[in-house]
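Tertiary structure, described
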Amino acid sequence: MAGTKNPFQNLLKEINVNGETFHYYDIASFPEYRELPYSVRVLLESAVRNCDNFQIHEKDVRGILGWKGTKGTPRSETELEIPFKPARVILQDFTGVPAVVDFAAMRDAVLRLGGDPNRINPICPSDLVIDHSVQVDFARTEDALAKNQDLEFERNRERFTFLKWGARAFDNMLIIPPGSGIVHQVNLEYLARVVFQEAADAKPIRLLYPDSVVGTDSHTTMINGLGVVGWGVGGIEAEAVMLGQSISMLLPEVIGYRLVGKLNPLVTSTDLVLTITKHLRQIGVVGKFVEFFGPGVTELSIADRATISNMCPEYGATVGYFPVDANALDYLRQTNRSEERVQTIEAYLRATEQLRDFGNAEQDPVFTQLVELDLSTVVTSVSGPKRPHDRVAVSEMQQDFRQCLSAKVGFKGFAIPSAELGATGSFSWTDGKTYELRHGSVVIAAITSCTNTSNPSVMLGAGLLAQRAVAAGLKVAPYIKTSLSPGSGVVTYYLKESGVIPALEELGFNVVGYGCMTCIGNSGPLDDNVANTIEKNNLVCCGVLSGNRNFEGRIHPNTRANYLASPLLVIAYALAGTVDIDFEREPLGKRPDGSDVFLRDIWPTRQEIQAVEREHVIPAMFRDVYAKVELGSSSWQGLQAPTGKLYPWDTASTYIKHPPFFEGMTRELPVRGAIVGARALLNLGDSVTTDHISPAGSIARNSPAARYLSERGLTPREFNSYGSRRGNDAIMARGTFANIRLVNKLVGGVAGPRTLHIPSGEEMDVFDCAERYRTEGTPLIALVGKDYGSGSSRDWAAKGPYLLGIRAVIAESYERIHRSNLVGMGIVPLQYLDGQNAESLGLTGRELFNVAIPDGCRPHDRITVTTDGGLSFEVIVRFDTEVDLEYYRNGGILNYMIRKMID
């Protein structure tokens, strides 16, 4: 890092902390430094430290120093491309397995092309947390946790064995075994360094530098709440970073988000983040940094800040950053980071002017644009029924839900005919009673997701509410699938110590596992009686979860409406049994004496919750839980993994398969020319998410993926989920666009994973249609609307379309990570000119398309698309940087890395 090639060697300074000598780059000595937002200072330091005039040039440093923003006015200078080398990479298992599969296949390809396969090895420190595999099969029983974890190992043993091989075969890779917690909470409580310090044997000097991270999950941004710059990237891009490649990005605009005032004592951090999410979506912050400042920040705990940063993908920004302050340092102590380490962190941040005092306005940097929120205006809220930024005040929830029922099909509509608004259905339960479902009935209530389970205030608040509910004699209907999936063992620890676990269990909120679970779609099956009643009566039943995503088809096929809510409200709606309730006027239930119990009667104040938190959330808990976290359970320890640097592929495996991405690859660049005679595989509307493109949930029994598995002797019980099968390209290709809520205009806009084979007029599954086109030699494109690829940073949402034969996508706009993923797979992202879309141009999707891509194509060039009907229109090529073009010419980012390794 401190080699002679670095032109900024003169900035190296020495610092002594507790008798130890370190060095750091004195970036604060630049005259322009104090105007830079704190998030941009991290980008600057990385560029200075890694400047080698090869990947990172002196002009890149000067470009970052030239960042300009003006208060209240947008930036006027031209966009500047910069390289960024994060300090580390973090992965979860749904994305980690494909990454290790790709690395193993890349080693094979390098060997075949005459190179050294051992060069395919992580250079950047990489942490992989196994947290996405566990499913809520068992709930509302004291042994649910053990049963779910046993099933997790039964289903995923092959994947876990493969990952254990990867941990041994590749250097610089740490794996946190299953059952430890959610990746982002483990990152916050354990993995985050805040400031990296090189080991004592580092030569010739020991450097200090800011922690920064990119992750293969879009909610990597949660770590921004602790003052670590980090964001989600596609798995493909993360793999390149692991191999030492810098990220190419545009120097971002930075929105200064000023917080003032104090939260109402009855409001939670969940209400705050849902308010901010809606606000920033309205402002428009896609591709921008958001940096929080102002006196109101001091009112928020680090857990509160992490909650806000966690939902950064939902408000569309690249980061939602809170610089490090005294509260952050105290959090490090609370979570059992050593005092010596905290003192070193503080000394470095003070020396480089990266330690923030939010009460000191003189430290405020220059921002591109300023916005403000008075915390006192935040009210109790939920978001839904189909998008995380559609916030609804709880006081307006009943009216809003009823309007959604009859509104036309859309993000806020289900188009239920007026004659069916009163529809009901009844079923018998195991207790001998008959229960009734209607529109708005809650059938899933899950305290889940890193967004909230990392925050003691809302978790303990839920526990206190549960205690008061039980004391009042309230119960949750037995058919509602209730669950509690903590983000780490620490949560269970303090819930037990505070004495709230018995009340939570009394209401059915038993601990069911440690992982994403319901939030990622691993909600498990509903009882057949419940599911059949919903389907038979066409009911809009609901899931209520403390998660961050509620897109159609994500949570469960039978919950058409899904609402994001605080853990306290999850319990409240479970008690009510419906979202069609006005909590102010209608009681949750009755006491044994017949008196009404209203939500306000059992709701704890913020001050009451904080008193319990101060007493029970202590450093010893973090020490005890994380002392053994890397060892894993006895089941993990007993896994016998292969040895050797090359993976012994099993051709019979349905989990781990050698991918086809490098078949036929040569040392020479492929010929990339015009796309001629292409058909549209799909014609889609707005807000098509990565869940629509590549679902993570259960594999439907009538799907192409199910047929593939059945042909190999597997029963439906053994299908597992798409997320768990991401190491097998044959299944993932068949699962592409397999979401049951996908609406394709080529088949009349009816929801389902179907499309039209244009030449024959035959309707069929998307995969089968793509295969027909492949045999006919027809290239494919996709027509889509706004915000294409929003949601999770899912590399299979690009890999899958690539395997289907899609060469280009024409969209009105893209979510940042998905556009990058498309480029990473060699798919051309094209964008309609402002004000144009398929409808305005008269495109039906039934045309033949020709896309002229010139050899000299540059970022954001306009090129021409023509159709067989004589239509000609221009589109913008969304190659945003020169590096994007280099990846495209190579056929994708991983092909580029392989050629780089064998040069």
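Conventions used here
Residues numbered from 1 in each chain as written. Predicted model: local features only at pLDDT ≥ 70, side-chain atom pairs only at ≥ 80, totals over all residues. Heavy atoms only, no water. UniProt positions renumbered as here; feature names shortened; annotations may be inferred. Helix = DSSP H or I, 4+ residues; strand = E, 2+ residues; numbered from the N terminus. Buried < 20%, exposed > 50% of the residue type's maximum accessible area, 1.4 Å probe, protein only. Contact = heavy atoms within 4.5 Å. Areas by Shrake-Rupley, 256 points an atom, 1.4 Å probe, with all protein chains shown as cover. Lys, Arg positive; Asp, Glu negative; His and termini not counted. Charge placed at Lys NZ, Arg CZ, Asp CG, Glu CD. Axes fitted to C-alpha atoms, helices over the stretch in contact; angles between N-to-C directions. Parallel < 35°, antiparallel > 145°, perpendicular 65-115°, else oblique. Left-handed = near helix turned anticlockwise from the far one by under 90°. Nonpolar A, V, L, I, M, F, W, Y, C, P; charged D, E, K, R; others polar. Pairing = 2+ DSSP bridges. Phe/Tyr/Trp six-rings, centres within 6.5 Å; stacked < 30°, edge-to-face > 60°.

- The chain appears in an unreviewed UniProt entry as Cytoplasmic aconitate hydratase from Anopheles darlingi.
- Looking at the Catalytic activity (unreviewed entry) heading of the UniProt record, one finds this comment for the chain: "citrate = D-threo-isocitrate".
- Note on the chain: under the UniProt heading Subcellular location (unreviewed entry), the record states "Cytoplasm".

1. Topic: the overall build of the chain
- When its secondary structure is counted, the chain shows 31 helices and 34 strands.
- Across the 903 residues in the chain, those meeting the buried criterion constitute 63%.
- Considering only intrachain contacts with a sequence separation of at least 6, the fraction spanning at least 24 residues in the chain is 75%.
- If you sum the accessible surface of the chain, you get close to 31,100 Å²; carbon and sulfur atoms cover 48% of it.
- Of the charged side chains in the chain, 90 are positive and 105 negative; the average position of the first set lies 2 Å away from that of the second.

2. A look at the environment of Glu35
- Within the fold, Glu35 resides in the loop between β2 (20-25) and α1 (38-50).
- Through-space distance from the C-alpha of Glu35 to that of Lys68 is 8.3 Å; in sequence the pair is 33 residues apart.
- Those residues in contact with Glu35 that sit more than four places away from it in its chain are Pro365 and Val366.

3. With respect to the packing of helix α14 (residues 456-471) against helix α15 (residues 489-497)
- Running from amino to carboxyl end, α14 crosses α15 at an angle of 40 degrees, the nearest separation of the two axes being 11 Å. One element, α14, and the other, α15, form an angle in the oblique class. As for how α14 packs across α15, the hand of that crossing is right-handed. Contacts from Pro456, Met459 and Leu460 of α14 reach α15 at Val491, Tyr494 and Leu495.
- Looking at the contact of α14 with α15 residue by residue, the class counts come to six nonpolar, no polar and no charged.

4. Remarks on the UniProt feature "domain: Aconitase A/isopropylmalate dehydratase small subunit swivel" (unreviewed entry) in the chain
- As annotated in UniProt, the feature "domain: Aconitase A/isopropylmalate dehydratase small subunit swivel" (unreviewed entry) corresponds to residues 706-833 in the numbering used here.
- Between the first and last C-alpha atoms of residues 706-833 the distance is 40 Å; the span itself is 32% helix and 18% strand.

5. Some details on the sheet that holds strand β12 (residues 254-260)
- Pairing in this open sheet of four strands is parallel, and the strands run β14-β13-β12-β15 from one edge to the other. The open sheet terminates on both sides in strands that have one partner only, identified here as β14 (319-321) and β15 (369-374). With strand direction ignored, the average angle separating the axes of adjacent strands in the sheet is 20 degrees.
- Sitting on the sheet, α1 touches β12, β13 (289-293) and β14, and the angle it makes with β13 is about 125 degrees.

6. A closer look at the packing of aromatic side chains
- Under the definition given, this model contains 29 aromatic pairs.
- Taking the centre distance of 4.9 Å and the plane angle of 5 degrees together, the rings of Tyr190 and Tyr626 count as stacked. Of the two residues, Tyr190 sits in helix α5 (residues 183-191) while Tyr626 sits in helix α21 (residues 619-626), which places them 436 residues apart along the sequence.
- Take Tyr626: its relative accessible area is 6%, and that puts it in the buried class.
- One aromatic cluster is present, formed by Phe103, Phe162, Trp165, Phe170, Tyr647 and Trp649 through successive ring pairs.

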